[in-house]
Amino acid sequence: MEVESGWLDRLRERLGEQVSVSLGDLNAHAHDEGTPYTFMPGAVVFAGSEADVLATLAVAREEQVSVTPWGAGTSLEGAALPMPGGLSLDLSGLDTVGEVDAVGLTVTVGPGVRRLALNRRLRPHGLFFPVDPGADASLGGMAATNASGTTTVRYGGMRENVAVLRVALMDGRVLTLGSEARKSSSGYALKQLFIGSEGTLGVITSLTLRLHPLPPATASVQLAFPDVASAVLASVTARGLGVTPERLEFVDAATVRAVNRHRSRHDPEAPTLWAEVAGRDAADVGAGLAGLSEAAELHGGVVVGEAHTPEAQGDLWAARHGVFDALRAAWPGHATRIGDVCVPLSALAGTAALVLRLLDEQDLTAPLVGHIGDGNLHLLMHAPPGDTEAWSRIDHVLHELAAHAIAVGGTCTGEHGVGLRKRAYLRAEHGDALDVMRDLKALFDPHGLLNPGKVVGDPGWLPGDGRLS
């Protein structure tokens, strides 16, 4: 791809060898893990400091070049895809980890720090960072998409677990947002605005995270049910009984079957809940397990596995953690697309029933999994990449699911973000507030250079090929 030499020369004057146009680097930043699109940037900047970020933004502002922040590339909705010929700003080099505050339970990290590496650093202090989206994502990317995951039912997502955010704006200012104090009534909640903005308003250059003590005692349980509705209702009942698990996860029978084959396991091939409970001691843990068992029995469920040691819990959870790899192995050569909605707990059973009906009507197979404790359902659609007829039916199912989630008071994206593919639902979900979001985008980024087209952009527009098919 031919790149305008003026801005590229200016970038190299400021950042030298941190600017790359090698084909390998361009290709590595041209696609993500969840969309079929490939958009080749004109250059990649490997930032190593906040000053590098500001220098990149200065050249982009003066030369009117688009900039898309890049963390680990684990986005599933196209949030990190660059504009063709624009800049991909790689923040993986901002990977410092500050001193752990064991009293205030915080640590300040660069946006390029990966969550697994951080938790390895924290474990000797008896602490951990709880947000677990599954992928080994960067902390900056997790904040940019307001990531959540398996532990959200207990600890919340990124908005609840970022104390302070430092953000570079396109105009050259750097804002420090939030406070390490546990509460504040001071000013507008700008920190919350940037968390989940997917790099469309500014570039995150550091985060102060809230940490949590490692639980003294934990145990896990696996519960099998006669049907999907029973499993879903049991998850809601457990919450009503006062059980607050560390994790509460659901998979359907087809998913268990796929994992059994992929991992040579022998788990009952039935709709299944996995749960982890924690407490100060064995008595606390026992009470949590008893509540889960009671909820299961009320809906025809049975305990099919229980684990109290870290090793046994790891084995128990292996089936849940191996879902994505097992599904890819079950349908080799198929492309995948994951539906991601979140609904109020009162609408959860009805939403699961709708999913099963839609799949039956469209003659599709798609495993249903979810962070069921907080109403977050994932539908793992799959088909050969070139089967346009199958993908049309898949699009119909995912559209109906997103529209239903909004209609019952939920959201079209529980944790994967908006990116390119969920933009079509923002008007239905937010109404006139979408116009205010666009006003804010214009305020922070008047020339539309920061991650153009994402989140609040035209839902029918894709960079490079005009309209969204």
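Residues numbered from 1 in each chain as written. Predicted model: local features only at pLDDT ≥ 70, side-chain atom pairs only at ≥ 80, totals over all residues. Heavy atoms only, no water.

K.L.:
Explain the overall build of the chain residue by residue, including any values.
P.N.:
In terms of helices and strands, the chain carries 17 helices and 19 strands. Its C-alpha atoms give the chain a radius of gyration of 23 Å, within 12% of the compact-globule value 23 Å for 469 residues. Each of the three principal axes of the chain carries a C-alpha extent, and together these read 70 × 55 × 45 Å. Restricting to contacts in the chain with at least 6 residues of sequence separation, those with at least 24 account for 71%. With the model as given, the accessible surface of the chain reaches about 19,500 Å², and the carbon-plus-sulfur share is 52%. (Helix = DSSP H or I, 4+ residues; strand = E, 2+ residues; numbered from the N terminus. Rg over C-alpha atoms; globule rule 2.2 N^0.38 Å. Contact = heavy atoms within 4.5 Å. Areas by Shrake-Rupley, 256 points an atom, 1.4 Å probe, with all protein chains shown as cover.)

K.L.:
Any details on the pattern of salt bridges? Residues and values, ideally.
P.N.:
Under the definition given, this model contains 20 salt bridges. Of the charged contacts in the structure, one is a salt bridge between E246 and R154, with a shortest N-O distance of 3.5 Å. Of this pair, E246 sits in the loop between α9 (228-240) and β12 (247-251) while R154 sits in helix α6 (residues 152-155), and the two are 92 residues apart along the sequence. A residue is classified by how much of its surface remains accessible, and E246, at 6% relative accessible area, is buried. One continuous salt-bridge network, built from bridges that share partners, spans R115, D132, R247 and E276. (Salt bridge = Lys/Arg side-chain N within 4 Å of Asp/Glu carboxyl O. Buried < 20%, exposed > 50% of the residue type's maximum accessible area, 1.4 Å probe, protein only.)

K.L.:
Go over the sheet that holds strand β14 (residues 302-307) with me, naming the residues and quoting the values.
P.N.:
Read from one edge to the other, the open sheet built from 7 strands follows the order β14-β11-β13-β12-β16-β17-β15, with strand pairing classed as antiparallel. Only two strands of the sheet have a single neighbouring strand rather than two, namely β14 and β15 (335-342). Ignoring strand direction, the axes of neighbouring strands in this sheet form an average angle of 20°. Here 5 bridges tie strand β11 (residues 217-224) to β14, and the two strands are oriented antiparallel to one another. In the strand pairing of β14, S220 is matched with A307. Most of the contacts of helix α11 (residues 282-298) go to β11, to which it runs at about 15°, and overall it touches β11, β13 (272-279) and β14. (Pairing = 2+ DSSP bridges. Axes fitted to C-alpha atoms, helices over the stretch in contact; angles between N-to-C directions.)

K.L.:
Describe empty space enclosed by the protein, listing the residues and the values that go with them.
P.N.:
Evaluated as defined, the whole model comprises 3 cavities of 30 Å³ or more. Computed from the structure, the largest cavity encloses a volume of approximately 60 Å³. Lining the largest cavity we find E33, G34, L76, E77, F324, T336, R337, I338, H416 and R421. In terms of residue count, the dominant contributor to the lining of the largest cavity is β15 (3 residues). Tallied by class, the residues present in the lining of the largest cavity amount to 3 nonpolar, 3 polar and 4 charged. (1 Å grid on protein atoms, 1.4 Å probe; cavity = no way out; pocket = protein on both sides within 12 Å on 5 of 7 lines; lining within 4 Å. Points joined across faces, edges and corners; volume = space filled by probe spheres on them. Nonpolar A, V, L, I, M, F, W, Y, C, P; charged D, E, K, R; others polar.)

K.L.:
Let's hear about the packing of α9 against α11: which residues, and what values?
P.N.:
A pair of packed helices is captured by two measures, namely the crossing angle of their axes and the spacing between those axes. The N-to-C vectors of α9 and α11 enclose an angle of 140°; their axes lie 8 Å apart at closest approach. Classed by the angle they form, the pair α9 and α11 counts as oblique. Along this stretch, α9 crosses α11, giving a crossing that reads as right-handed. For the pair α9 and α11, the contacting residues are A234, T237 and A238 in the first and L292, A295, A296 and L298 in the second. By residue class, the composition of the contact of α9 with α11 is 6 nonpolar, 1 polar and no charged. (Parallel < 35°, antiparallel > 145°, perpendicular 65-115°, else oblique. Left-handed = near helix turned anticlockwise from the far one by under 90°.)

K.L.:
Would you mind going over the packing of aromatic side chains in detail, with residue names and values included?
P.N.:
If you walk through the whole model with that rule in mind, you get 3 aromatic pairs. On the numbers, 5.2 Å between centres and 75° between planes, the contact of F194 with F444 is edge-to-face. Of this pair, F194 sits in helix α8 (residues 190-194) while F444 sits in helix α17 (residues 433-444); the two residues are 250 residues apart in sequence, bridging distant segments of the chain. When its relative accessible area of 2% is taken as the criterion, F194 is described as buried. For F444, a relative accessible area of 13% corresponds to the buried category. Between the NZ or CZ atom of R154 and the centre of the ring of Y155, over which it lies, the distance is 4.6 Å. (Phe/Tyr/Trp six-rings, centres within 6.5 Å; stacked < 30°, edge-to-face > 60°. Lys NZ or Arg CZ within 6 Å of the ring centre and 35° of its normal.)

K.L.:
Break down the side chain of E415 for me, citing the residues and quoting the values.
P.N.:
Tracing the chain through its elements places E415 in the loop between α15 (388-407) and α16 (426-430). With no salt bridge to any partner, buried E415 finds its closest opposite charge in R320, at an N-O distance of 7.1 Å. Engagement of the side chain of E415 in a polar contact is seen with the backbone nitrogen of G149, the distance being 3.1 Å. Of note is the side chain of E415, whose polar atom sits 2.9 Å from the side chain of H371. (Lys, Arg positive; Asp, Glu negative; His and termini not counted. Polar contact = N/O pair within 3.5 Å; in protein donor to acceptor, adjacent residues only side chain to side chain.)

K.L.:
Quick one: what's the story with the sheet that holds strand β9 (residues 203-210), residue by residue and with numbers?
P.N.:
Ordered by their spatial adjacency, 4 strands build an open sheet running β5-β9-β7-β8, and the pairing between neighbours is antiparallel. Every interior strand has two partners, whereas the edge strands, β5 (106-109) and β8 (174-178), have only one. Averaged over all pairs of adjacent strands, the angle between their axes in this sheet comes to 15°, without regard to strand direction. By the bridge criterion, 5 bridges tie strand β7 (residues 162-168) to β8 in an arrangement that is antiparallel.

K.L.:
Please provide a residue-by-residue account of helix α3 (residues 50-63), values included.
P.N.:
Taking 1.5 Å as the rise per residue, α3 with 14 residues should run 20 Å; its terminal C-alpha atoms sit 20 Å apart, in good agreement. Looking only at α3, the buried set comprises D52, V53, A55, T56, L57, A58, V59 and A60. Remark: Q64 follows α3 within two positions and exhibits a positive phi of approximately 55°. (Expected span 1.5 Å × (residues − 1).)

K.L.:
Can you tell me about the state of the cysteines, naming the residues and giving the values?
P.N.:
Taken as a whole and assessed by the stated rule, the structure comprises 0 disulfides. Cysteine C342 remains unbridged, with the sulfur of C412 as its closest cysteine sulfur at 11 Å. (Disulfide = S-S within 2.5 Å.)

K.L.:
Just give me the short version of the environment of T200, but keep the residues and values in it.
P.N.:
Mapped onto the elements of the fold, T200 is located in the loop between α8 and β9. The class for T200 is buried, based on a relative accessible area of 5%. Sequence separation between T200 and M170 is 30 residues, and the spatial gap between their C-alpha atoms is 9.9 Å. Beyond its immediate sequence surroundings of up to four residues, T200 is in contact with K441, D445, L450, N451, K454 and V455.

By themselves, these observations are geometric and do not establish any function.
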